[in-house]
Amino acid sequence: MIEVEGLTKYYGLHPAIQDLTFRAETGEIVGFLGPNGAGKTTTMRILTGYMPPTSGTARVAGFDVLEESLEVRKRVGYLPETVPLYPEMTVVEYLEFMGSLRRVPELETRIEEVLERVDMLERAESYIGSLSKGLRQRVGLGQALLHDPEVLILDEPTIGLDPAQIIEVRNLIQDLGADHTVMLSTHILSEAQQVCDRVMIINRGRIVAEDTPANLQAQLAGAEQILVRAAAEARDLVPLLRAVNGVVEVKPTEHEGEVEVRSAPGQDVRPLVARAVVEADLDLLELRSAGLSLEEVFLQLTREDAGTEARAEG
């Protein structure tokens, strides 16, 4: 479990994070989503005991990161954005080295269990320098799991991987989430949507939204987005549907005869849109709800946050 309250960190006069408050439960994968420089890595470094906060409190597995840093480190597995590997070591030598530093009991047995968990048993004797980035990422996850931590903190775990490797690492993270608290930072929106049980969006050092990916998509005041396809040119559909009461935007998609319609908050315009197409003597081929993507939610929330800050400064 992770419990954070009022967490703030300044670098000189610059606030990297401000007044962060959140929880992450056991068996939960929490996504920390934000643009580069938003404060994700700073927060994770504080939670792993790498650096102290300026103010606020953070408890990991029941221990305070400032007052009981050593106890926190015993219970946290950390995968930094750049994994600290030694290319001249074999996989098993590296895990033996890391296990000895952590004084892991029955180390040989534990290494075998971890290698099986990250699907690296067949590459145990391979030199790390000869491995692909995806396999090196698995070795990094292996060292994070070696001491059987209660909490896993993963900073951009799929950065630089090819699509096949990304899928493999995501599947592994979902598997680990069954019996660990997992905190995952990313700026890849689809990753948060596919892997995480809950997402926190951070912008300019502050959490601007927190919910499940599905709820975040429905968060923006009930705004509705639908796709309409008819036996007509999209350019003819645009003025027709813009005239429908409650419609605020209509734009063509990349598909022939299809437009994207966005309604005012809280209004279901589907019956009116369907009637407008039919009364124009056009064949309605498809009408379906598209919702707002997590990317659109993210962009709107961060845009609103930046706008609010600018108005406050003004």
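Everything here concerns the structure above.
Owing to the predicted nature of the structure, the values given are computational and were not obtained by experimental measurement. (Residues numbered from 1 in each chain as written. Predicted model: local features only at pLDDT ≥ 70, side-chain atom pairs only at ≥ 80, totals over all residues. Heavy atoms only, no water.)

Caption draft 1: Just the overall build of the protein chain, in detail. Of the regular secondary structure elements, the protein chain holds 11 helices and 14 strands. In the protein chain, buried positions account for 49% of the 314 residues. Here the contacts in the protein chain between residues at least 6 apart in sequence split such that 68% fall between residues at least 24 apart. (Helix = DSSP H or I, 4+ residues; strand = E, 2+ residues; numbered from the N terminus. Buried < 20%, exposed > 50% of the residue type's maximum accessible area, 1.4 Å probe, protein only. Contact = heavy atoms within 4.5 Å.)

Caption draft 2: Quick look at the packing of aromatic side chains. According to the stated counting rule, one finds 3 aromatic pairs in the structure shown. Look at Phe22 and Phe32: their rings are 6.0 Å apart centre to centre, the planes differ by 45°, and that puts the pair in the tilted class. Here Phe32 lies in strand 3 (residues 29-33) and Phe22 lies in strand 2 (residues 14-24), a separation of 10 residues in the sequence. For Phe32, a relative accessible area of 0% puts it in the buried group. Seen from their ring centres, Tyr86 and Tyr94 are 6.2 Å apart, and the 50° between their planes marks the pair as tilted. By relative accessible area, Tyr94 is classed as buried at 0%. Through a chain of ring-to-ring contacts, three or more aromatic side chains come together here, namely Tyr86, Tyr94 and Phe97. (Phe/Tyr/Trp six-rings, centres within 6.5 Å; stacked < 30°, edge-to-face > 60°.)

Caption draft 3: Seen up close, the pattern of salt bridges. Taken as a whole, this structure holds 16 salt bridges when the rule is applied. The salt bridge involving Glu28 is made with Arg198; its shortest N-O contact spans 2.8 Å. Here Arg198 lies in strand 9 (residues 198-203) and Glu28 lies in the loop between strand 2 and strand 3, a separation of 170 residues in the sequence. A relative accessible area of 14% means that Glu28 is categorised as buried. (Salt bridge = Lys/Arg side-chain N within 4 Å of Asp/Glu carboxyl O.)

Caption draft 4: Spatial organisation of unusual backbone geometry. In this structure, Ala61 takes a positive phi of about 55° despite not being glycine. With respect to the helices and strands, the residue Ala61 is situated in the loop between strand 4 (55-60) and strand 5 (63-64).

Caption draft 5: Expanded view of the packing of helix 3 (residues 91-101) against helix 5 (residues 133-145). It is the contact of helix 3 with helix 5, at a shortest axis distance of 10 Å, that shows an interaxial angle of 25°. What the angle tells us is that helix 3 and helix 5 run roughly parallel. Of the two elements, helix 3 crosses helix 5, and the hand of that crossing is right-handed. Where helix 3 abuts helix 5, its residues Val91, Tyr94, Leu95 and Met98 lie against Val139, Gly142 and Gln143. (Axes fitted to C-alpha atoms, helices over the stretch in contact; angles between N-to-C directions. Parallel < 35°, antiparallel > 145°, perpendicular 65-115°, else oblique. Left-handed = near helix turned anticlockwise from the far one by under 90°.)

Caption draft 6: Spatial organisation of a negative patch on the surface. Together, Glu93, Glu96, Glu108 and Glu125 line one region of the surface with negative charge. The residue Glu96 is located in helix 3 in this model. (Patch = residues over 30% accessible without salt bridge, like charges linked within 9 Å, V, L, I, M, F, W, Y side chains within 5 Å. Areas by Shrake-Rupley, 256 points an atom, 1.4 Å probe, with all protein chains shown as cover. Lys, Arg positive; Asp, Glu negative; His and termini not counted. Charge placed at Lys NZ, Arg CZ, Asp CG, Glu CD.)

Caption draft 7: Highlighting helix 5. An ideal rise of 1.5 Å per residue puts 18 Å on 13 residues; helix 5 measures up with 18 Å between its terminal C-alpha atoms. Of all 13 residues in helix 5, 11 are buried; the element is thus mostly enclosed. Regarding helix 5, the residues found buried are Gly134, Leu135, Gln137, Arg138, Val139, Gly140, Leu141, Gly142, Gln143, Ala144 and Leu145. Next to the buried residues of helix 5 lie strand 6 (76-79), helix 3, helix 4 (107-117), strand 7 (151-155) and helix 6 (163-176). (Expected span 1.5 Å × (residues − 1).)

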